[in-house]
Every structure is written in C-alpha cells, then in structure tokens.
Amino acid sequence: MLTWGATGVGSHPGEDHLEALRVVFGEVPELPYLPELPARGVGADMIGRTAALLVDLPVEVQPSGWRLADRPGRDHRRAVDHLRRDLDGLEEVGNDYQGPLKVQVCGPWTLAAALELRHGDKMLSDAGAVRDLVASLAQGVGDHLAEVRRRLPGVTEVVLQLDEPGLPGVLAGTVPTASGFGRLAAVEGSRVEESLGAFPAPVVHCCAPGVPFGLLRRGGVRGVSVDSSLLRRRDEDGVGEAVEAGLLLFLGVVPATDARLLDTGVVAKPALELWRRLGFPPERLAEQMVLTPACGLAGASPRYARAALAAARKAARVLRDDPASGMQSG
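Each value, and the rule that gives it
Residues numbered from 1 in each chain as written. Predicted model: local features only at pLDDT ≥ 70, side-chain atom pairs only at ≥ 80, totals over all residues. Heavy atoms only, no water. Helix = DSSP H or I, 4+ residues; strand = E, 2+ residues; numbered from the N terminus. Rg over C-alpha atoms; globule rule 2.2 N^0.38 Å. Buried < 20%, exposed > 50% of the residue type's maximum accessible area, 1.4 Å probe, protein only. Contact = heavy atoms within 4.5 Å. Areas by Shrake-Rupley, 256 points an atom, 1.4 Å probe, with all protein chains shown as cover. Lys, Arg positive; Asp, Glu negative; His and termini not counted. Charge placed at Lys NZ, Arg CZ, Asp CG, Glu CD. 1 Å grid on protein atoms, 1.4 Å probe; cavity = no way out; pocket = protein on both sides within 12 Å on 5 of 7 lines; lining within 4 Å. Points joined across faces, edges and corners; volume = space filled by probe spheres on them. Nonpolar A, V, L, I, M, F, W, Y, C, P; charged D, E, K, R; others polar. Core = buried A, V, L, I, M, F, W, Y, C linked by side-chain atoms within 4.5 Å. Pairing = 2+ DSSP bridges. Polar contact = N/O pair within 3.5 Å; in protein donor to acceptor, adjacent residues only side chain to side chain.

Novice: Tell me about the overall build of the protein, and name the residues and values.
Specialist: A tally of helices and strands in the protein yields 13 helices and eight strands. The C-alpha atoms of the protein give 19 Å as radius of gyration, which agrees with the globular expectation for 330 residues (20 Å, within 12%). Taking the principal axes of its C-alpha atoms as reference, the protein extends roughly 60 × 45 × 35 Å. Out of the 330 residues in the protein, the part that is buried amounts to 55%. For the protein, long-range pairs separated by at least 24 residues make up 72% of all intrachain contacts whose partners lie at least 6 apart in sequence. When the accessible area of the protein is evaluated, it comes to approximately 13,800 Å², of which 48% is carbon and sulfur surface. For the protein, the distance from the average position of its 36 positive side-chain charges to the average position of its 42 negative side-chain charges is 3 Å.

Novice: I'd like a description of empty space enclosed by the protein, backed by residues and values.
Specialist: Throughout the structure, instances matching the rule amount to four cavities of 30 Å³ or more. Along the walls of the largest cavity sit C206, A208, P209, G210, V211, F213, V226, D227, L230, L231 and D235, which together make up its complete lining. By residue class, the composition of the lining of the largest cavity is eight nonpolar, one polar and two charged. Estimated volume of the second largest cavity: approximately 40 Å³. Around the second largest cavity sit L34, R49, T50, L53, L83, V103, Q104, V105 and H144, which together line it. Those elements that provide at least two residues to the lining of the second largest cavity are α2 (46-51) and β3 (99-106). The biggest single contributor to the lining of the second largest cavity is β3, with three residues. The residue makeup of the lining of the second largest cavity, split by class, is five nonpolar, three polar and one charged.

Novice: Outline the environment of P165, supporting the account with residue identities and numerical values.
Specialist: With respect to the helices and strands, the residue P165 is situated in the loop between β4 (155-163) and α6 (167-172). For the pair P165 and R277, spaced 112 residues apart in sequence, the C-alpha to C-alpha distance is 26 Å. When near neighbours in sequence (up to four residues on either side) are disregarded, P165 contacts M46, T110, H205, C206, C207 and A208.

Novice: Can you break down the nonpolar core residue by residue, with the values?
Specialist: Counting 95 residues, the largest nonpolar core has L90, L115, L124, L216, L251, M289 and L291 as its most contacted members. Discounting chain neighbours no more than four positions away, the residues touching L90 are L21, F25, L34, N95, L101, V148 and L152. If you look at the next biggest cluster of nonpolar residues, it comprises seven residues, including W4, V203, L248 and V290.

Novice: Residue-level account of the pairing of strand β2 (residues 65-68), with values.
Specialist: The sheet contact formed by strand β1 (residues 59-62) and β2 spans four bridges and is antiparallel. Note that in β2 the partner of E60 across the bridge is R67. The antiparallel hairpin formed by β1 and β2 contains two residues in its connecting segment.

Novice: Describe the side chain of R67, naming the residues involved and giving the relevant values.
Specialist: Take R67: it is sitting in strand β2. A polar atom in the side chain of R67 sits 2.8 Å from the side chain of E116.

Here's what the structure looks like:
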C-alpha cells in the first residue's frame, strides 16, 4: 500500500544545497527529493538546469533567455556543474537512505516554450525541433535517473516529476512568440499525450490554472501535482476520472511563500473536502493523495520552507490516521 504522505514540489530558497537536502530528508522522509536552488543564478534555474541534461543539444544564455548553441560553452558548463554538485550532496546526505526518491525536471513542453532555436524563434514553433527535444530530454533524463540510482543504491525507486507550468498555455495557444508581438499556434493534445510516453511513469506538476487532467490521464502519467487553491469545481470531473483510473494526486495545501501556518486540521481540509465531494472511500485517501506546498519554495525564507514541509507532513497524518472523521467534520 502506497503511503508517501507528503513531499515538496522542488525548489528551495538560498544557495546552500547541503542544508536544503538536510531539510528535505528531515521533514519529508517518506518521499524526499533532490531540491533545486535557483538563487544560485545562471544554470540553477528550471530551464537551465534541465537543459544541462539534454543530449547533443547544447545551450547558452542570450539577453532573451536560453538558446540552442553550436557547442557547449560557459553557461552550459555552469548548469552541469550545479547539477553535479547537487548529486554529490545527495550522495553525502542520503548515503544511508532506503526508500523512494523524487527527482524533478522541466517538462518538454514548458522547455520548448522557453528555449529558442539558434535563429531566435522558440522551439515550440517547430514541430521537428520539439520531437528532437523530447528525444534528447528523454535520453538525458534516463541517464540522470541512472546516475541517481548509482549514487544512492538504497533508493527503491526514483519518482520522476515533470514540471509543466507552461502546458495549459501551450495547449491554448497563448505562448508568445520570441518577439512578443504574436502567439504561437496551439499544440494538439495528441502530440502532448504521445510525448509523455517517452518518460518513465512521470508525475506531472502544473501550478497554473486549467490543468488538462484528461489529457494527462490518457498520456499514461502516474500522477498529477496541482495547487489546491487553483482547482475549480469544473475541474473536479477530470480529477475524479484521474483518481478512478488509479492516478496519484499531489495536492498543494500549504502556501509556498511566507505566511501564517494554520492548524493541521485546517491545512488538511482542502484534501478532505475534495475527496468527500469526489465520493471516494476514505481508506483510499492516503493511498492516492500526497500533500505538498502549493508550488516550489524558492520564494520563501529558509525557516518558512522547513516549516511548510513540516506542515504538509503533519496534515498528511490526518489523511492517513483519521480520514473518515475529517471528512465528516468537513
């Protein structure tokens, strides 16, 4: 029976990756993860960090952002160095760990909407370039996951999270062109579904409104990670169908930036009330729902980041220990 309880979305404040790892392993020990620290600068951001994994697609930073390059340069090497140090830290802090571990990368569609081709257009504008990107990323992610397993032999499984905050815009045709004066054409859902098959049973995180639950379910993902405050009643049919199909729901219930943290029962309430409205048995709640902060914690203070993970972990105990009572009181 799967009971991961709680985890984080991915990013953390500050520049001390060892401290971030200690916080993660200490506060969400049932599903720790490799934290990302974008405050370190170029190459530590979501796009640059994932671009470092691409095979045969080197990148560099231009005034407009990340762009494909002819050969690996300083920016690419910096991103690779950040990732290597993070893996060194993971090996140091988690050397005795046994259990599952989550690893996050930027998903191919958000990446395609951000990376520019050599002549300046976004990769998303070129279907062939996107196919190459998906293949390159899939190979690089496979190598990355193998490296994680090699460094931490006690890891029982590596859970892959694809960060896709840009996916709703990709599907809706609202992604701006490189010039900013136009919009790129909407991408057919079937292309997105097909691309998901290139990755090993991912959990897709999307902290934007309009998460395409049906598309993700049909694409064969393992789970969907969302901000509970962005869910609307019209989304609940899609959520219910995903849960009925056996998908995991990673539900963001703790603010991602510094705020007054509420009592544990109040933090758990959005999860309990959603489950009650969906009509699923209380005993399935802890098996299919994992609680998280609403999004990454990069904008929080280090003290709050630790407290937010602890709050998610405590709320998850309510889902596990007394879900029926919590649903009745809700």
